[in-house]
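Secondary and tertiary structure notes
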Amino acid sequence: MVAADRVYYDLMQAASGGDSVEIPFPSYCPERRFQLAGAEMRIGRRSPSRGLEPEIDLTGPPTDPGISRLHAVLIATTDGWAILDPGSANGTQVNGTDMPTNQQIPLRDGDRISLGAWTTITVHSG
């Protein structure tokens, strides 16, 4: 489930100081659900000019400007799903902890992936 997260947004605003003041929190951002399937699912923003069509397309509306074209990848493992950040511009957090680049982090039911300026993806099994 993908949603705008006001608490995460406020934390990012405080951490970045004045740099992100011009990025407003969206007044309306409906929750979206994506079914996890296949060997991997890319998270990012669609870019026809670059040939990017992520399975979890966070183009919007509203578009979170802090999300990279290819921000992260969910990878199916024998134990469930894992996430990998291949080097996004603004990083990714799992349950409030910054992820290292190019390292798979296993996910469990209820884990929260935070990325961009306000986007949080909550993983639900079943």
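Just above sits the structure.
Our subject in this report is the structure included herewith. (Residues numbered from 1 in each chain as written. Predicted model: local features only at pLDDT ≥ 70, side-chain atom pairs only at ≥ 80, totals over all residues. Heavy atoms only, no water.)

1. What about the overall build of the protein chain?
Each helix and strand in the protein chain was counted, giving one helix and 10 strands. Secondary structure elements of the protein chain, listed N to C terminal, follow the sequence β-α-β-β-β-β-β-β-β-β-β. Against the globule reference of 14 Å for 126 residues, the protein chain gives a C-alpha radius of gyration of 14 Å, in line with a compact fold. Its C-alpha atoms put the protein chain at 45 × 35 × 25 Å along the principal axes. Taken across its 126 residues, the protein chain has 41% of its residues classed as buried. (Helix = DSSP H or I, 4+ residues; strand = E, 2+ residues; numbered from the N terminus. Rg over C-alpha atoms; globule rule 2.2 N^0.38 Å. Buried < 20%, exposed > 50% of the residue type's maximum accessible area, 1.4 Å probe, protein only.)

2. Quick notes on the nonpolar core
Ranked by size, the top nonpolar core spans 17 residues in total, and within it Ile-43, Leu-74, Ile-83, Leu-107 and Ile-113 carry the most contacts. Residue assignment for this core shows that the elements contributing at least two residues are strand S2 (40-44), strand S4 (70-77), strand S5 (80-84) and strand S9 (112-115). Once residues within four sequence positions are removed from consideration, Ile-83 is found in contact with Ile-43, Ala-72, Val-73, Leu-74, Thr-92, Val-94, Met-99, Gln-103, Gln-104, Ile-105, Leu-107 and Ile-113. (Core = buried A, V, L, I, M, F, W, Y, C linked by side-chain atoms within 4.5 Å. Contact = heavy atoms within 4.5 Å.)

3. Some remarks on the side chain of Thr-119
Within the secondary structure, Thr-119 is located in strand S10 (residues 119-122). Among the residues examined, Thr-119 registers a relative accessible area of 5% and is labelled buried. A distance of 2.8 Å separates the side chain of Thr-119 from the side chain of Asp-64, its partner in a polar contact. When residues no more than four places from it in sequence are discounted, the contact partners of Thr-119 are Val-2, Ala-3, Tyr-8, Leu-58, Asp-64, Ile-67, Ile-113 and Ser-114. (Polar contact = N/O pair within 3.5 Å; in protein donor to acceptor, adjacent residues only side chain to side chain.)

4. Concerning the pattern of salt bridges
The final tally for this structure, using the stated rule, is four salt bridges. Close ionic contact of Arg-42 with Glu-55 constitutes a salt bridge, the shortest N to O distance being 3.0 Å. Taken together, the positions of Arg-42 in strand S2 and Glu-55 in the loop between S2 and strand S3 (56-57) put the pair 13 residues apart, joining distant regions of the chain. Judged by its relative accessible area of 23%, Arg-42 is partly exposed. (Salt bridge = Lys/Arg side-chain N within 4 Å of Asp/Glu carboxyl O.)

5. Quick look at the packing of aromatic side chains
Considering all chains together, one arrives at two aromatic pairs under this definition. Here the aromatic rings of Phe-25 and Trp-118 are separated by 6.5 Å at their centres, their planes lie at 75 degrees, and the arrangement is edge-to-face. Linking Phe-25 in the loop between helix H1 (6-16) and S2 with Trp-118 in the loop between S9 and S10, this pair joins segments that are 93 residues apart in sequence. Phe-25 sits in the partly exposed class, given a relative accessible area of 23%. Its relative accessible area of 4% is what places Trp-118 among the buried residues. Through successive ring pairs, a cluster of aromatic residues spans Tyr-9, Phe-25 and Trp-118. Above the face of the Phe-25 ring, Arg-6 is positioned so that its terminal group lies 4.9 Å from the ring centre. (Phe/Tyr/Trp six-rings, centres within 6.5 Å; stacked < 30°, edge-to-face > 60°. Lys NZ or Arg CZ within 6 Å of the ring centre and 35° of its normal.)

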